[in-house]
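Commentary on secondary and tertiary structure
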Amino acid sequence: MNSFISIHHPTKKLNGTIALPGSKSESNRVFILDALSHKQSTLFNLSTAEDTRILKEALLSNEEEINIKNAGTAMRFLTAYYTARKQNKIVSGDARMLERPIKPLVEALIQMGANIEYLDKEGFPPIKINGSLSTLNKKEINIPANISSQFISAILMIAPTLPEGIILKMEGKIASIPYIQMTLQIMEAFGIKSTFKKNTITIRPQNYLPTIYHVESDWSSASYWYSILALSYDNSAIFLEGLKRKSMQGDAIIKEIFEPFGIITEHSDNGIFITKTQADLSGIPDYYDFTDYPDLAQTIIVLCAALGIKCGFTGLESLKIKETDRVQALQNELKKFNVQLIEESEGIYVLKGKFKPTSTIIETYEDHRMAMAFAPYALICDEIKIENPDCVKKSYPGFFNDLEQVGFLVKEERREND
């Protein structure tokens, strides 16, 4: 049997306080940098996400074979880390991870002098890292810029430890640039200086320094609360703890994105108040470009479908190689509500059809963001059922408990296999 959670809200009006988890993106970088500075730092508000736990355990493991399941960040960051630390490791994952490409990172590391082998299909995990046979002594390398920013961040974090540092030249349009900037800012907190001019990042050899680091709460997780409020009654309000006015997380742009939806953001010393007011949908852009903010795509597309907003969406290429093919998953699930997500022209998607509320089971495809993006529909349908709810542990383990804090009725059930 498969488990699912049914969600319902009896009043559609919300009020409460939510303690958001620490940022997974920040925490995963902090753990790598802490390891490179000999684990002498003091770290606060670290993410409780499964991805972060997997990364932490891998860094502590003395085993030669490491299974990082479907933790994409761990796969990319550890590949570079083990190579730089001259460790011999076999790194594998679950079935989906073995379908997620790693060739651009491996090729860049080999270009630098790494010795890495594919153990099955070329360009994909599992891989064998022969760290003892690697000599990372090439200073200048080129890497495609339109790939996952995690490949670039993985190289940047080991750069100060290399004999001559690195000059990293990114070719083409840079994808997810806020995540690259985040990496460099966190490295600076650990004592590393860098220069980022046009498409070139230069980092000279330096020593990482122990530090005291407080991870900000997660803006990606906050985005689901913005969406929830957008579908609630006016004057609903939620306080989200741990978010900063000046954030290094690119997904903090959610504050601006949601203004036309009637969501007002007010900062305090220890978080933000978000309040639902009357929407002015005339402020919705003709197109949302998610190139720099791919983790917001599902949240926004699902919300626009519910509100009948006919705008376009671009920058979805990287979604196809995430925990699932997120574009296909969105297409499958939106059809249940009489909405189609169609690629109108190359790389540009639009919504077709009139949203029809229905109580149905949302398949998550083991993707945490599918579960959380569709949960707000519980405010406009009699109820929504989320299949495999444990998938939210990947980034926001307490999500369904937090829904209960603001009046959602959440019930776990089981169904027979088809």
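About the cut-offs
Residues numbered from 1 in each chain as written. Predicted model: local features only at pLDDT ≥ 70, side-chain atom pairs only at ≥ 80, totals over all residues. Heavy atoms only, no water. Phe/Tyr/Trp six-rings, centres within 6.5 Å; stacked < 30°, edge-to-face > 60°. Lys NZ or Arg CZ within 6 Å of the ring centre and 35° of its normal. Axes fitted to C-alpha atoms, helices over the stretch in contact; angles between N-to-C directions. Helix = DSSP H or I, 4+ residues; strand = E, 2+ residues; numbered from the N terminus. Parallel < 35°, antiparallel > 145°, perpendicular 65-115°, else oblique. Left-handed = near helix turned anticlockwise from the far one by under 90°. Contact = heavy atoms within 4.5 Å. Nonpolar A, V, L, I, M, F, W, Y, C, P; charged D, E, K, R; others polar. Buried < 20%, exposed > 50% of the residue type's maximum accessible area, 1.4 Å probe, protein only.

As for the packing of aromatic side chains
Scanning all chains against the criterion turns up 17 aromatic pairs. When the ring of Tyr396 is compared with that of Phe399, the centres are 5.4 Å apart and the planes differ by 70°; the resulting orientation is edge-to-face. Clustering of aromatic rings is evident, with ring pairs tying together Tyr224, Trp225, Tyr396, Phe399 and Phe400. Across the ring face of Phe124, the terminal group of Lys121 is positioned such that the distance to the ring centre comes to 4.6 Å.

Quick word on the packing of helix H3 (residues 72-84) against helix H5 (residues 149-158)
Between H3 and H5, the least distance of the axes is 9 Å, while the angle of their chain directions is 30°. By the angle class used here, H3 and H5 are roughly parallel. Remark: the crossing between H3 and H5 carries right-handed chirality. Contact with H3, carried on its side by Gly72, Thr73, Arg76, Phe77, Ala80, Tyr81 and Ala84, involves Gln150, Phe151, Ser153, Ala154, Ile155, Met157 and Ile158 of H5 and no other residues of that element. Grouping the amino acids of the contact of H3 with H5 by side-chain chemistry returns nine nonpolar, four polar and one charged.

So, the environment of Leu60
Note that Leu60 resides in helix H2 (residues 50-60). By relative accessible area, which is 52% here, Leu60 ends up exposed. The spatial distance from the C-alpha of Leu60 to the C-alpha of Ala35 is 9.3 Å, given a sequence separation of 25 residues.

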